[in-house]
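For reference, the chains in residue letters:
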Amino acid sequence: MPGNSRAAGTHHSRPSSSEEPPDLEDQELLLAAAYVSDAQYNRNVPFETSPQAIRLYHFYNHWTMRAATYFFIWVNLALALFEEPAVFPLPFLVTSIAEVLCLTAFFGRLVHFAKVTPQKVFWKDTKNICVMVTIVLTLIDLVIYGSLEAVNIRGVRWSRALRPVFLINFPESRQIRRTFRSIRNTLPDILYVFLLFLFSMMIFSLMALKLFGDRDLRTVEGSPYFTNILDIAFELYVLVTTANSPDVMMPAYELNWWYSLYFITYIIINTYIFMSVFLAVIYNNYRKHLKNEIHTLAYLKHHKMTEAFNILKVKVGTEFVVKEARWRRLVKVVAPDVSSSHLELLLRISDEGQKGHVDKVNFLRLADLLNIRVVAINIKKHPLETWMPRVYQSSTSLLVQKMVQHRIFVWVYDVIILINAIFIALDEKDSLISYAEWLFLSLYIIEILLKLYTYEPSAYFGRKQFWNWFDTLIIIAALLATVANTTIQARKYNSQQVLDIVLILRILRLLRVIVSIQRFRVIVTTLINIGPTMLTFGGLVLVVYYAFAIIGMEVFHGKIHFLDPGSGSPDALVCGNPALKDSAFAQGRYCKNNFNDLASSLILLTELTVVNQWHILADGFALVTHQAAKLYFIGFHVVVVILIVNIFIAFILEAFFVAYSLEKSEVETAIEKKIQELGVGVQEEEVQNGGLIDNMDAKDSGFSADEGDNKKKDLKGLYFRIASKKYKTVDTLLQQMFESEIAPEGKDPSLKEILSFSPKKVNFDNSA
């Protein structure tokens, strides 16, 4: 019974009597809702099943608690902007109080988690230990640093590099944590390839030392050429990234053109072959481990839904089912914002025979049903048809509406946009060009007015009509830009910033091409739909960037300064450090590339990720500190460019192709079939183009109730469609990516077997 305190995931027995006390029924409903919610969002949190623990668990998962946790995480990370070295300096007392408040919030969240989780599970969970240890270390660092500040001794805030631990280890960041875990499991396979790559590079380094070391060659800067094995190894590593090509080859090439074969061979082997192998091995193994993770999630989802069914089931005839009334209450608890029409649709899908109950097979699909975006559309008459029906339904009015709905109307405006692009590129000082801008703007405004005349305004500007909003906002921006540009020219205003803004707003008008061309719109929509997946990797990159930025600020802060070259100061030519005299760093005027605050550090790390000229940046910081500083830049390149960026590119490509071309899932197909059976279906293209009114009759809409089923309500004027490429969670997209490869078959494993799944214990045929 739920009154007994035990961990979630064990079998829940039900009393034989169908009559249950109201309190007991509510408790069972809350417990079942917790299971379904966990299955919907793929949460794997063992929780106690006592009534108090269940209520605490629902509160723990409430959006306000999650939002508060993320708020304090971001505040904690943002403190680096206000701490020395700071972008916006604040006293140490202010930042330390803010950090203590954040730590208090993290500790409270951890205590809340401990209240809903079995104690043995809580203390065995590594992420809880990491959070507690990080809190303690941060407090120790604050005390030590504050004490040193009190006696005017500059300390090192080493605990700041640990702040991303909070972002990674709270349950809300399970996608980022899963990505880290998959990368960690991939590292052993990558290590062998990396060691082989290093061996190849050292062989070529020794060859270079013997070939060029005794020939007294000089670089362009006048430095000895290939006389030190460590310098050679660094230059050859940089050559793999092509950042120093062909400069590194030129002294040898000038001596004898035959030596170019050495560099060509090196580039073919290490840049093209080894880097391609890196990409293949990294993605192949990452995908394999990710698939195992998603396989485990699929089994856990099935297990949780089975537990929820066992809690709510009653026996009807020879089978166990969930009564319609309890099913409705369950859905309202799990998804309180679900509309009555959407709820009715889900019930029709789950209770196919309209028997008044839901069987086990259909009940187990509830989590997937809730993850499919079903858009309800309330078809209404155009206001003009209500106000003046004779005019709106006249032959002239119908001709205008038919013209606007025709494909040729779109083609005409495509041509207008292209002509407008040509005029924008021309000299606007010409009076003809200036008048043409007003002509194009008038045509765009007429287009919007004609569409609002043809399509019902509230449907055209519906909450889900992104492209219609986008199109209209672009036109408004173009209108503002044209008016502002005319005003500026009339008053001879010369503010360059205002002129830049006006120019950008005018050019943004060309983005209407995306709206007009269907293929463009599909591609952009697909990119938007896989945005959550990109954000997962964005969180991963943020964690790595932040840690490297904090380390860089502690090591390199104050070593390089940017001084205005026009100030006349001699230090401006050497970036405030004499060690950079005559260096490529100073000659390239890279002085703003420094670690003097968090913003500058993140910009510099972005430049390193691009890899162009990254060796000059590394040489500059090595000159002002020690040659060992190059290890920092090599480490960043290996972690970010070779590992994370390769995974990011390959994974996003696959996610894009899945979202762009994959057929609907089995659950989506079932929903779409039921929508069409009920006669309340509408195609997504019709909604995007606004073509709703002419294609359907509002008076025939609604669910047709069967005979004797008077308790069902007709939903007049409502139509539905599946937003088939939209996913409520990242896990939903990931599961669809591997759906055909990991679908559970045969007898379901036990919970213990599910939790013991690992890449070493579970073998899947890889089809990367």
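This section reports on the structure supplied with the text. (Residues numbered from 1 in each chain as written. Predicted model: local features only at pLDDT ≥ 70, side-chain atom pairs only at ≥ 80, totals over all residues. Heavy atoms only, no water.)

1. Re the pattern of salt bridges
A full pass over the atoms with the stated rule returns 17 salt bridges. Note that E83 and R157 form a salt bridge whose closest N and O atoms lie 3.6 Å from each other. One end of the pair, E83, is in the loop between α3 (63-78) and α4 (92-116); the other, R157, is in the loop between α6 (126-150) and α7 (164-169), and 74 residues separate them in sequence. Residue E447 is joined to K451 by a salt bridge in which the shortest nitrogen-to-oxygen separation is 3.3 Å. Of the two residues, E447 and K451 are both situated in helix α20 (residues 431-454); the distance of four residues between them amounts to about one turn of the helix. When sorted by exposure, E447 lands in the same class as K451, which is buried. The network of salt bridges with shared partners includes E83, E99, D141, R157, R160, R163 and E554. (Salt bridge = Lys/Arg side-chain N within 4 Å of Asp/Glu carboxyl O. Helix = DSSP H or I, 4+ residues; strand = E, 2+ residues; numbered from the N terminus. Buried < 20%, exposed > 50% of the residue type's maximum accessible area, 1.4 Å probe, protein only.)

2. Side note on the sheet that holds strand β2 (residues 319-323)
Spatially, the three strands line up as an open sheet ordered β1-β2-β3, and their pairing is antiparallel. Single-partner strands in this sheet number two, and they are β1 (314-316) and β3 (357-359). This sheet shows a mean twist of 55 degrees between the axes of neighbouring strands, independent of strand direction. Note: β1 against β2, three bridges, orientation antiparallel. (Pairing = 2+ DSSP bridges. Axes fitted to C-alpha atoms, helices over the stretch in contact; angles between N-to-C directions.)

3. Considering the side chain of S260
Among the structural elements, S260 can be located in helix α11 (residues 260-312). Here S260 falls in the buried class, since its relative accessible area comes to 8%. A polar side-chain atom of S260 sits 2.6 Å from the main-chain carbonyl oxygen of W257. With sequence-adjacent residues up to four places away left out, S260 is seen in contact with M249 and Y253. (Polar contact = N/O pair within 3.5 Å; in protein donor to acceptor, adjacent residues only side chain to side chain. Contact = heavy atoms within 4.5 Å.)

4. Some points on the state of the cysteines
Evaluated as defined, the whole model comprises one disulfide. Across the disulfide from C575 sits C591; the S-S distance is 2.0 Å. The sign of the S-S torsion, about -65 degrees, decides the handedness of the disulfide formed by C575 and C591: left-handed. Taken as a pair, C575 in the loop between α26 (531-556) and α27 (584-587) and C591 in the loop between α27 and α28 (598-610) lie far apart in primary sequence, 16 residues in all. No difference in accessibility class separates C575 from C591, as the two residues are buried. (Disulfide = S-S within 2.5 Å.)

5. Considering α11
Between its first and last C-alpha, α11 extends 76 Å over 53 residues, near the 78 Å set by a 1.5 Å rise per residue. Of all bends in α11, the biggest is about 25 degrees, found at I267. Taking burial as the measure, the 53 residues of α11 include 38 buried ones, the bulk of the element. (Expected span 1.5 Å × (residues − 1). Bend = angle between axes of the 7 residues up to and from the residue.)

6. Details of the packing of aromatic side chains
A complete count under the given rule lists 45 aromatic pairs for this structure. Seen from their ring centres, F595 and F621 are 5.3 Å apart, and the 65 degrees between their planes marks the pair as edge-to-face. With F595 in the loop between α27 and α28 and F621 in helix α29 (residues 614-624), the pair connects residues that are 26 residues apart, well separated along the chain. For the pair shown, F595 and F621 are each scored as buried. Geometry around F234 places K630 over its ring, the cationic atom sitting 4.4 Å from the centre. (Phe/Tyr/Trp six-rings, centres within 6.5 Å; stacked < 30°, edge-to-face > 60°. Lys NZ or Arg CZ within 6 Å of the ring centre and 35° of its normal.)

7. What to know about a nonpolar patch on the surface
Together, Y253, W257, W258, L261, I264, I268, Y272, I273 and V277 line one region of the surface with nonpolar side chains, adding up to about 920 Å² of accessible area. The element that contributes the greatest number of residues to the nonpolar patch is α11, accounting for six residues. (Patch = residues over 30% accessible without salt bridge, like charges linked within 9 Å, V, L, I, M, F, W, Y side chains within 5 Å. Areas by Shrake-Rupley, 256 points an atom, 1.4 Å probe, with all protein chains shown as cover.)

8. Re unusual backbone geometry
In this model, E84 is joined to P85 through a cis peptide bond whose omega is -5 degrees. Residue S245 is joined to P246 through a cis peptide bond whose omega torsion reads 5 degrees. You will see that T242, though not glycine, has its phi angle at about 65 degrees, which is positive. With respect to the element layout, T242 can be found in the loop between α9 (229-240) and α10 (250-255). With relative accessibility at 44%, the residue T242 sits in the partly exposed group. The residue R589 is not glycine, and still its phi comes out positive at about 55 degrees. You can see R589 is positioned in the loop between α27 and α28.

9. As for helix α18 (residues 395-405)
Buried within α18 are the following residues: S397, Q401 and V404. Projection of α18 onto a plane perpendicular to its axis shows the buried side chains occupying an angular sector of 65 degrees, all on one side. Seen from the open side of α18, the exposed residues pointing more than 90 degrees away from its buried face are S395, T396, L399 and K402. (Arc of directions from axis to C-beta.)

10. Examining the nonpolar core
The tendency in soluble globular proteins is for nonpolar side chains to be buried side by side. Of all hydrophobic cores here, the largest spans 134 residues; its most connected members are F212, F263, W327, L330 and F363. Among the elements that make up this core, the one with the highest residue count is α11 (18 residues). When neighbours within four sequence positions are excluded, F212 is seen to be in contact with L217, Y225, F226, A252, Y259, Y262 and F263. In terms of nonpolar packing, the next biggest core, distinct from the first, is built from twelve residues, F409, Y413, I417 and Y444 among them. (Core = buried A, V, L, I, M, F, W, Y, C linked by side-chain atoms within 4.5 Å.)

11. Side note on the packing of α28 against α29
The N-to-C vectors of α28 and α29 enclose an angle of 130 degrees; their axes lie 8 Å apart at closest approach. Put simply, α28 runs oblique to α29. Within the contact between the two elements, α28 uses L604, E607 and L608 and α29 uses W614, L617 and F621. Residues of the contact of α28 with α29, tallied by class, amount to five nonpolar, no polar and one charged. (Parallel < 35°, antiparallel > 145°, perpendicular 65-115°, else oblique. Nonpolar A, V, L, I, M, F, W, Y, C, P; charged D, E, K, R; others polar.)

12. Notes on the side chain of D38
Among the structural elements, D38 can be located in helix α1 (residues 22-41). Given the relative accessible area of 2%, D38 is considered buried. In this structure D38 touches R43, V45, F47, Y57, N61 and K304, once residues within four positions along its chain are discounted.

13. Let's talk about the packing of α9 against α11
Between α9 and α11, the least distance of the axes is 9 Å, while the angle of their chain directions is 60 degrees. Our classification of the angle between α9 and α11 gives oblique. Our pair here, α9 against α11, has a crossing hand that is right-handed. On the side of α9, the interface is formed by L236, Y237, L239 and V240, while α11 contributes Y262, F263, Y266, I267, N270, T271 and M275. Looking at the contact of α9 with α11 residue by residue, the class counts come to nine nonpolar, two polar and no charged. (Left-handed = near helix turned anticlockwise from the far one by under 90°.)

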